[in-house]
Amino acid sequence: MSDDQGEFGAVLRDLPVWENGLAAFDADDVPGRPMTLFRRWFVEAAAAGQTEPHAMTLATVDTDGLPDVRTLLLHGADERGWHFASHDTSAKGRQLAARPWAALGFYWPAQGRQVRVRGAVSAAGAEESRADLAVRSTGALASALTGRQSEVLDSAEELARASEAAWERARADPDAPVPAWTRYVLAAEEVEFFQGDARRRHVRLRYRRTAPDGADAPDSADAADGDWSRELLWP
């Protein structure tokens with residue numbers, strides 16, 4: 001066994017998991033809609049000192065049916081669903097165009113909480129996408145202007161040159177257009193709330209969207225937030 005493998009294994013085995021400071025969660029006292037509970041947990045995570053509570057994983061599927069995942073930031077959460085943004089020419093943008101379904105994962109270890117979201121994804125219009133970028137920082141605009149996300153990069157020097165030019169343009173023109181920038185909305189079909197427990201009696205509460213009698217379940221992010229069923233899951 002190599003020295004680095006032995007050190008890795010020792011550190012991994014000794015890491016503590018949810019020994020104290022976990023939040024309380026009464027699954028019998030929850031709102032009827034998952035978005036209400038999500039917002040409540042999000043605010044509580046921030047108040048508990050959770051670093052970057054708006055960071056989330058986004059899982060998509062490529063054209064070969066293989067899963068892909070990355071971490072990005074939540075841009076909003078409302079009656080339409082969970083919002084995020086990217087270039088529509090990026091890997092995730094192309095994957096969502098071909099297969100407009102995705103899953104999100106939030107992990108807030110400060111309280112031992114996770115939230116999992118699954119559903120259909122739709123692209124917002126050009127006006128809303130421009131507005132999304134307009135309220136972000138100069139650095140975010142510069143990054144968007146640099147573009148070419150997920151393409152092969154020949155050298156660090158090439159990135160430095162492109163980034164410097166993008167920063168100059170972002171400073172000179174805060175409203176510089178980025179046509180590929182797209183705001184996406186995930187309309188959930190399922191949302192699971194996971195509360196860790198020091199004795200491993202974790203609480204898992206799943207919301208599932210229900211359709212009125214005789215109606216089909218909503219299949220796009222344009223669908224309004226409807227009725228939800230709730231059920232506990234074994235941990």
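Residues numbered from 1 in each chain as written. Predicted model: local features only at pLDDT ≥ 70, side-chain atom pairs only at ≥ 80, totals over all residues. Heavy atoms only, no water.

Some points on the pattern of salt bridges
Counting across every chain of the model gives 14 salt bridges. A salt bridge links Glu 192 to Arg 116; its shortest N-O distance comes to 2.7 Å. Linking Glu 192 in strand β7 (residues 181-195) with Arg 116 in strand β6 (residues 113-123), this pair joins segments that are 76 residues apart in sequence. Take Glu 192: its relative accessible area is 6%, and that puts it in the buried class. Taken together, the shared-partner salt bridges connect Asp 78, Arg 80, Glu 128, Asp 132 and Arg 183 into one network. (Salt bridge = Lys/Arg side-chain N within 4 Å of Asp/Glu carboxyl O. Helix = DSSP H or I, 4+ residues; strand = E, 2+ residues; numbered from the N terminus. Buried < 20%, exposed > 50% of the residue type's maximum accessible area, 1.4 Å probe, protein only.)

Some details on the packing of helix α5 (residues 138-146) against helix α6 (residues 156-172)
A pair of packed helices is captured by two measures, namely the crossing angle of their axes and the spacing between those axes. Across the interface, α5 lies against α6 with an axial gap of 8 Å and an inter-helix angle of 125°. What the angle tells us is that α5 and α6 run oblique. Considering how the two elements wind past one another, α5 and α6 form a crossing that is right-handed. Facing α5, whose interface residues are Thr 138, Gly 139, Leu 141, Ala 142, Leu 145 and Thr 146, α6 presents Leu 159, Ala 162, Ser 163, Ala 166, Trp 167, Arg 169, Ala 170 and Arg 171. Across the contact of α5 with α6, the residue classes tally to eight nonpolar, four polar and two charged. (Axes fitted to C-alpha atoms, helices over the stretch in contact; angles between N-to-C directions. Parallel < 35°, antiparallel > 145°, perpendicular 65-115°, else oblique. Left-handed = near helix turned anticlockwise from the far one by under 90°. Contact = heavy atoms within 4.5 Å. Nonpolar A, V, L, I, M, F, W, Y, C, P; charged D, E, K, R; others polar.)

Some details on the nonpolar core
With 30 residues, the main nonpolar core has Phe 38, Trp 82, Phe 106 and Val 115 as its most contacted residues. Mapped by element, the contributors of at least two residues to this core are α2 (34-47), β1 (55-61), β4 (81-87), β5 (101-108), β6, β7 and β8 (203-210). Ignoring sequence-local partners within four residues, the contact set of Val 115 consists of Phe 38, Trp 41, Leu 104, Gly 105, Phe 106, Trp 108, Val 191, Glu 192 and Phe 193. Grouped together as the second largest cluster of nonpolar side chains are eleven residues, Ala 85, Leu 145, Ala 166 and Trp 181 included. (Core = buried A, V, L, I, M, F, W, Y, C linked by side-chain atoms within 4.5 Å.)

Observations regarding the pairing of β5
In the sheet, β1 pairs with β5 via three bridges, with the strands oriented antiparallel. From the neighbouring strand, Thr 57 faces β5, where its bridge partner is Gly 105. With eight bridges joining them, β5 and β6 adopt antiparallel strand pairing. The residue bridging Ala 103 from the neighbouring strand is Arg 118, located in β6. Here β5 folds back onto β6, and the loop between the two strands holds four residues, one of which, Gly 112, carries a positive phi near 70°. (Pairing = 2+ DSSP bridges.)

Looking at the pairing of β4
Taken across its seven residues, β4 has seven buried, putting it largely inside the fold. In this antiparallel pair of consecutive strands, strand β3 (residues 76-78) and β4, the connection spans two residues. Across six bridges, β4 lies against β7 in antiparallel orientation. Bridging from a neighbouring strand, His 83 pairs with Val 185 of β7.

Topic: the environment of Phe 193
Take Phe 193: it is sitting in strand β7. Overall, the relative accessible area of 0% leaves Phe 193 in the buried class. The spacing of Phe 193 and Ala 170 is 23 residues in sequence and 39 Å in space, taken between C-alpha atoms. In contact with Phe 193, not counting residues within four places along its chain, are Pro 34, Leu 37, Phe 38, Trp 41, Gln 114, Val 115, Val 203, Arg 204, Leu 205 and Tyr 207.

Here we look at the layout of surface pockets
Space inside the largest pocket adds up to approximately 500 Å³. Forming the boundary of the largest pocket are 23 residues, of which His 87, Ser 143, Gly 147, Arg 148 and Gln 149 lie nearest the centre. Those elements giving two or more residues to the lining of the largest pocket turn out to be β2 (67-73), β4, α5 and α6. The leading source of residues in the lining of the largest pocket is α5, at four residues. When the residues that make up the lining of the largest pocket are grouped by side-chain class, the tally is ten nonpolar, eight polar and five charged. (1 Å grid on protein atoms, 1.4 Å probe; cavity = no way out; pocket = protein on both sides within 12 Å on 5 of 7 lines; lining within 4 Å. Points joined across faces, edges and corners; volume = space filled by probe spheres on them.)

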